[in-house]
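Each chain is listed here by its residues.
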Amino acid sequence: MTLARDVTCLSEPFDLAVIGGGITGIQVAREAAGRGLRTVLLERNDFGAGTSAATSKLIHGGIRYLENRQFQVVRESLRERRILALGAPHLVEQRRFVMPAWRWSTPPTALLGAGVGLYSLLGFDSNRSAPDSLRIPLPRWLSRRQVLSAVPWIDPDGLQGGFAYHDTLNVHPERLLLAYARSAAADGAQLFNHMEVTGFIRDGSTVRGVTARDGLTGISYEVSAAAVVNAAGPWLDLVLRPSGAATKMSLLRSKGVHLLTPPVGGHSQVTDTVFARTRNGRHVIVTPWQHMSFIGPTDTAMAQHPDDLAASPEDVEQILGTVNDTMAPNARRMRADDVIDTTVGIRPLLVPDAGDPEGDDPDSQEAAADTYTASRGHEIYDHSSHGAGNLWSIGGGKWTTGRATAVAMVDRLLASSALGAAPQLPMSDSGFRSDRAPVWGAFDWAKDAEPFLREAVQIGAELGLDPAVRLHLARLYGTDYHRIFDLVRDRPDLAARVSMRAGRHDISAQVVHGIDAEGARTLADLLDRRLVIGTLGPVLAEEIRAVALVAGPLWGWDAARIDHEAVREDERRRARRMTWQPVPA
Ligand SMILES: Cc1cc2nc3c(=O)[nH]c(=O)nc-3n(C[C@H](O)[C@H](O)[C@H](O)COP(=O)(O)OP(=O)(O)OC[C@H]3O[C@@H](n4cnc5c(N)ncnc54)[C@H](O)[C@@H]3O)c2cc1C
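## Things to note about the site of the ligand
Piece 1. Taken together, 35 residues surround the ligand, and among them Glu43, Thr51, Ser52, Leu58 and Thr400 come closest.
Piece 2. Contacts to the ligand include arginine 44, whose backbone N or O atom sits 3.0 Å from a nitrogen atom.
Piece 3. Contact distances for the ligand include 3.5 Å between a nitrogen atom and a side-chain N or O atom of histidine 60.
Piece 4. Taken by itself the ligand offers 1,000 Å² of open surface, and the protein chains cover 96% of this.
Piece 5. Put simply, the parts of the chain that give the shell around the ligand at least two residues each are α1 (23–34), β8 (195–203), β11 (249–261) and β16 (341–352).
Piece 6. Looking at the shell around the ligand, its residues break down into 14 nonpolar, 15 polar and six charged.
Piece 7. When we break the shell around the ligand down by domain, the ones giving at least three residues each are domain 1 (1–57 + 172–245 + 387–442) and domain 2 (90–171 + 252–348).

Written out as structure tokens, the structure is:
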């Protein structure tokens, strides 16, 4: 089932309308549709264009949350890590993490060790049903020499050694989110991107649906639904305004930035992710990704409107300063002009509201101001006691735990009276088990992806695609690589690469597939979330044009419109870079 739009279905009644197509909303749609609910999802921008595209690219338990005693969040996340890794092994990759321990480390080395041990214990079932290649090894202590040999740029001064433990990488979060969206569509959900929810349809104190406006055509719709779930992440409270629903919790927005740079210290052979803490207590994660380093995150409370989000030169300086503080004196320091690109997102964190009895506690208010220690758990609000029945909101959470949040949400929904005569199937009776279902495109559940990837590289040989491109396609699309190959078979011109730069393997057929099967409606949808070229650093004007030339005719654009849209997209991307790039002296 594709993500093609059928706006005629919007006039039919739904059991559930989901607001927001980030990982939370997509997982809710998947879970609800899988359990038989007629589900529609409305996303203002593109699927996964919000916070869900700006993560640290980790499917992880969140080892540092142990310090704040968020044991439940860590346990749930580790359980979900296993489910995601077994369900999408072509897009979730195991990684060794190295946590250096210096004599001055805080927490001290012994406590770090206890944390690593506890982390492993909380993931006690990580290897259940896992093939050998996906098994998470036990953590271990690395000697000083071993740490320096694995990560030569680490500061040796006072280094005692380090802990090695394993977590997993969300290699292309945008592609994995789309795979979940396709799974939801395959189970009957209707998903609409570029469709902004503008208000609520009410019948007294009960919400009966939403009003929405197509951002590209300007056409408005009334969508009736027995229940509405607001999964708008950092926009959660803004979406609620027209409903009149108040919550007892407020949203704390925390800005998080990452940098994409050449390999730190020039050490391109490093394969481990480094989780290091500086003397001032800041932490930095340096992940080797696509032959570059992905470094971050920042964590700063954000007072502005979430639409005004942008990385700044100060964010860049903060990350560079933190990583440089962990480097050997003779290692080449990272500078602002090393930065290839930035990503920026907002953590929608939950804090007790001043109106809430808990909120009067000075300790909790202090915690509220501290985005670093705020809970990463999710909360579900039922707005019926605020005069908006059949409306729920989901706050907080992590990418990793989106599925668990969705299960809890759909359970709540089914236990309520909102759906009336709709099928009320508990998870165990519906026959649908999202914890065991492979995601759309996965080669198989709980199987090593490598043999499938090798096969893909062999069978595409006659298409004139080089092996690196074939491997790229199999990794991104899983079983759907067949569809890309079919497109190339029918139209050999679609084998053309979008870019001739090294390390860029996207081809024109992905543009066609992105529009026909994956609901892309703008050049940014294609560049940033269907192809991967937009995530690898600045896209050249001629590369944008190459994509526009393939996409334009499919969207009914004439030559002049193709030129205009390509230029506009180039300008938009340049403007985004200007927010963080240092002004030349
Ligand atoms: C810097 C950073 C690093 C992180 N790293 C990790 C990590 O490594 N691992 C991990 O598990 N988690 C991580 N997280 C947390 C994780 O990314 C978020 O918890 C998660 O992506 C939130 O998803 P969401 O769907 O709730 O929000 P979003 O992805 O923001 O989705 C909300 C959607 O609602 C849409 N929307 C808003 N208003 C409307 C409207 N009126 N109508 C329709 N749609 C609307 C928005 O366009 C948006 O797409 C990180 C977060 C940040 C910021």
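## Concerning the pattern of salt bridges
Piece 1. What the rule picks out here adds up to 44 salt bridges.
Piece 2. Arginine 475 serves as the salt-bridge partner of glutamate 450, at 3.3 Å between the closest nitrogen and oxygen. Here the residue glutamate 450 occupies a position in helix α11 (residues 450–459), and arginine 475 occupies one in helix α12 (residues 467–477), the gap between them amounting to 25 residues.
Piece 3. Residues joined in a network through salt bridges with shared partners are Asp46, Asp525, Arg529 and Arg530.

## Concerning empty space enclosed by the protein
Piece 1. Under the defined criterion, the tally for this structure stands at three cavities of 30 Å³ or more.
Piece 2. Taken as a whole, the largest cavity holds about 110 Å³ of empty space.
Piece 3. Taken together, the elements giving at least two residues each to the lining of the largest cavity come down to α2 (71–87) and β4 (92–102).
Piece 4. Split by residue class, the lining of the largest cavity holds six nonpolar, three polar and three charged.
Piece 5. Volume-wise, the second largest cavity comes out at about 80 Å³.
Piece 6. Taken together, His90, Arg175, Leu178, Ala179, Arg182, Trp440, Gly441, Leu476, Tyr477, Asp480 and Glu518 form the lining of the second largest cavity.
Piece 7. Of all the secondary structure elements, the ones that give two or more residues to the lining of the second largest cavity are α5 (173–186) and α12.
Piece 8. In terms of residue class, the lining of the second largest cavity is built from five nonpolar, two polar and four charged.

## Here's the deal with the pairing of strand β1 (residues 14–19)
Successive residues of a regular strand alternate their side chains across the two faces of the sheet.
Piece 1. Counting buried positions along β1 gives six out of six residues, so the element sits mostly inside the fold.
Piece 2. With four bridges joining them, β1 and strand β2 (residues 39–42) adopt parallel strand pairing. Across the sheet, residue alanine 17 finds its bridge partner in β2, namely valine 40.

## Observations regarding unusual backbone geometry
Residues apart from glycine generally show negative phi values, whereas peptide bonds are mostly found in trans.
Piece 1. For the bond running from threonine 106 to proline 107, omega is -5 degrees, close enough to zero to count as cis.
Piece 2. Turning to its location among the elements, proline 107 is positioned in the loop between β4 and α3 (109–122).
Piece 3. Even without glycine at this site, histidine 194 takes up a positive phi of about 50 degrees.
Piece 4. Relative to the helices and strands, histidine 194 resides in the loop between β7 (190–192) and β8.
Piece 5. On the accessibility criterion, histidine 194 (8% relative accessible area) is buried.

## With respect to the side chain of serine 254
Piece 1. Structurally, the position occupied by serine 254 is in strand β11.
Piece 2. For serine 254, a relative accessible area of 0% translates into the label buried.
Piece 3. Reaching out from serine 254, the side chain makes a polar contact with the side chain of aspartate 299 at a distance of 2.6 Å.

## Here's the deal with the domain arrangement of the chain
Piece 1. Annotation of the chain at the domain level lists domain 1 (1–57 + 172–245 + 387–442), domain 2 (90–171 + 252–348) and domain 3 (450–578).
Piece 2. Between the C-alpha centres of domain 1 and domain 3 there is a distance of 28 Å.
Piece 3. When domain 1 packs against domain 3, close to 1,700 Å² is buried across both sides, 48% of that on carbon and sulfur atoms.
Piece 4. Note that aspartate 480 and arginine 182 form a salt bridge whose closest N and O atoms lie 3.2 Å from each other.
Piece 5. For the pair domain 1 and domain 3, the interface holds twelve residue pairs in polar contact (both at pLDDT 80 or more).
Piece 6. For the side of domain 1 that touches domain 3, the element with the highest residue contribution is α5, accounting for four residues.
Piece 7. Taken together, the residues of the side of domain 1 that touches domain 3 break down into eight nonpolar, eight polar and six charged.

## Notes on the layout of surface pockets
Piece 1. Reported here for the second largest pocket is a volume of approximately 950 Å³.
Piece 2. As for the second largest pocket, its lining consists of 43 residues, and the residues nearest its centre are Glu93, Arg95, Val171, Gln290 and His291.
Piece 3. Where the lining of the second largest pocket is concerned, the elements lending two or more residues are β4, β13 (283–289), β14 (292–296) and α12.
Piece 4. Of all the elements, α12 adds the most residues to the lining of the second largest pocket, at five residues.
Piece 5. Of the residues in the lining of the second largest pocket, the class split is 22 nonpolar, 14 polar and seven charged.

Rules behind the numbers
Residues numbered from 1 in each chain as written. Predicted model: local features only at pLDDT ≥ 70, side-chain atom pairs only at ≥ 80, totals over all residues. Heavy atoms only, no water. Near = heavy atom within 4 Å. Polar contact = N/O pair within 3.5 Å; in protein donor to acceptor, adjacent residues only side chain to side chain. Areas by Shrake-Rupley, 256 points an atom, 1.4 Å probe, with all protein chains shown as cover. Helix = DSSP H or I, 4+ residues; strand = E, 2+ residues; numbered from the N terminus. Nonpolar A, V, L, I, M, F, W, Y, C, P; charged D, E, K, R; others polar. Domains from an automatic or database assignment. Salt bridge = Lys/Arg side-chain N within 4 Å of Asp/Glu carboxyl O. 1 Å grid on protein atoms, 1.4 Å probe; cavity = no way out; pocket = protein on both sides within 12 Å on 5 of 7 lines; lining within 4 Å. Points joined across faces, edges and corners; volume = space filled by probe spheres on them. Buried < 20%, exposed > 50% of the residue type's maximum accessible area, 1.4 Å probe, protein only. Pairing = 2+ DSSP bridges. Buried area = accessible area lost by both parts, 1.4 Å probe.

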